[in-house]
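Overview (structure and organization)
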Amino acid sequence: MKNRVAVMVDGDNVSPAHAARIMRETAGRGQIAFARVYGAMPTNSAWHDAKNFHLVHPGRGRNATDLLMAIDAVEFALTDVFDAIILASSDERLSHLAQRLREYGKEVHGLGDADTSFSLRRACSTFQQFPE
């Protein structure tokens, strides 16, 4: 059976210019279970034009995107929706989420910018940096 791969993108800190790279990375890892971009994106955001992504608006408030991503990821992990996840973010606050998903037996493949914290890089099973 082919791996089911979830894609969760922190649209508040990952540029839509990386959308194609994220999908290429995912395609090489298995069948896409779902691909979501989380964030408070204005209507003029290029994420609205990115193919194959479902946009999820977390509402307003401090860390709303991080919280909704964490809730969804844990729920999907516990209900066995995916075997592996592409977690596209440079946000250090998602380090604990990545570690928890690995504790649940999920592969966590991180994608992020050069300024991604060491703790998030280390929490992922693998980590790749977006090209400059």
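A brief look at the structure comes next. (Residues numbered from 1 in each chain as written. Predicted model: local features only at pLDDT ≥ 70, side-chain atom pairs only at ≥ 80, totals over all residues. Heavy atoms only, no water.)

**So, helix 1 (residues 19–27)**
Put simply, the rule is: A simple rule labels every residue: compare its accessible area, found with a 1.4 Å probe on the protein chains alone, to the largest value its type can have, and call it buried under 20%, exposed over 50%, or partly exposed in between. Elements are defined by DSSP. Helices are runs of H or I of four residues or more, strands are runs of E of two residues or more, and each kind is numbered from the N terminus. Contacts are residue-level and defined by heavy atoms, with any inter-residue pair within 4.5 Å sufficient.
Those residues of helix 1 that fall on the buried side of the exposure criterion are A19, R21, I22, M23, E25 and T26. Summarising the contacts, the buried residues of helix 1 are in contact with strand 1 (4–10), strand 2 (31–38), strand 4 (84–88), strand 5 (107–112) and strand 6 (126–129).

**Quick notes on the sheet that holds strand 1**
The cut-off we apply is this: Between any two strands, at least two bridges found by DSSP are needed for them to pair. Here, axes are lines fitted to C-alpha atoms. For helices the fit covers the stretch in contact, and angles between N-to-C directions go from 0 to 180 degrees.
Read across the open sheet, the six strands follow the order 3-2-1-4-5-6; overall the sheet is parallel. Strand pairing shows two members of the sheet lacking a second neighbour, strand 3 (54–56) and strand 6, which therefore form its edges. Adjacent strand axes in the sheet meet at a mean angle of 20°, parallel and antiparallel pairs treated alike.

**Digging into the side chain of S119**
Position of S119 relative to the elements: it lies in helix 4 (residues 118–123). Those residues in contact with S119 that sit more than four places away from it in its chain are E92 and S95.

**Notes on the side chain of T26**
Mapped onto the elements of the fold, T26 is located in helix 1. Classification of T26 by relative accessible area gives buried; the value is 0%. Excluding anything up to four places from it in sequence, T26 contacts V5, V7, I32 and I86.

**So, the packing of aromatic side chains**
Formally: Stacked, tilted and edge-to-face are the three classes applied to pairs of Phe, Tyr and Trp rings, where Trp contributes its six-membered ring and a pair requires centres within 6.5 Å; stacked means planes under 30 degrees apart, edge-to-face means over 60, and tilted covers the rest.
A complete count under the given rule lists two aromatic pairs for this structure. Taking the centre distance of 4.8 Å and the plane angle of 55° together, the rings of F34 and F76 count as tilted. With F34 in strand 2 and F76 in helix 2 (residues 64–78), this pair connects stretches of sequence that are 42 residues apart. The class for F34 is buried, based on a relative accessible area of 13%. We classify F76 as buried; its relative accessible area is 13%. Geometrically, the ring pair formed by W47 and F53 is edge-to-face, given 5.4 Å between the ring centres and 75° between the ring planes.

**Topic: the environment of D72**
Examined against the element boundaries, D72 turns out to sit in helix 2. If we ignore the near neighbours within four places in the chain, the residues touching D72 are M8, R36 and Y38.

**As for the pairing of strand 2**
As a reminder, the rule being used: Orienting the strands away from the viewer, one traces the path from the first strand over the helix to the second; a clockwise path indicates a right-handed crossover.
The pairing of strand 1 with strand 2 spans seven bridges and is parallel. Counted as the bridge partner of M8 is R36 from strand 2. In terms of handedness, the path from strand 1 via helix 1 over to strand 2 forms a crossover that is right-handed. As defined by bridge partners, strand 2 adjoins strand 3 across three bridges and the pair is classed as parallel. Bridging across to strand 3, R36 finds its partner in H54.

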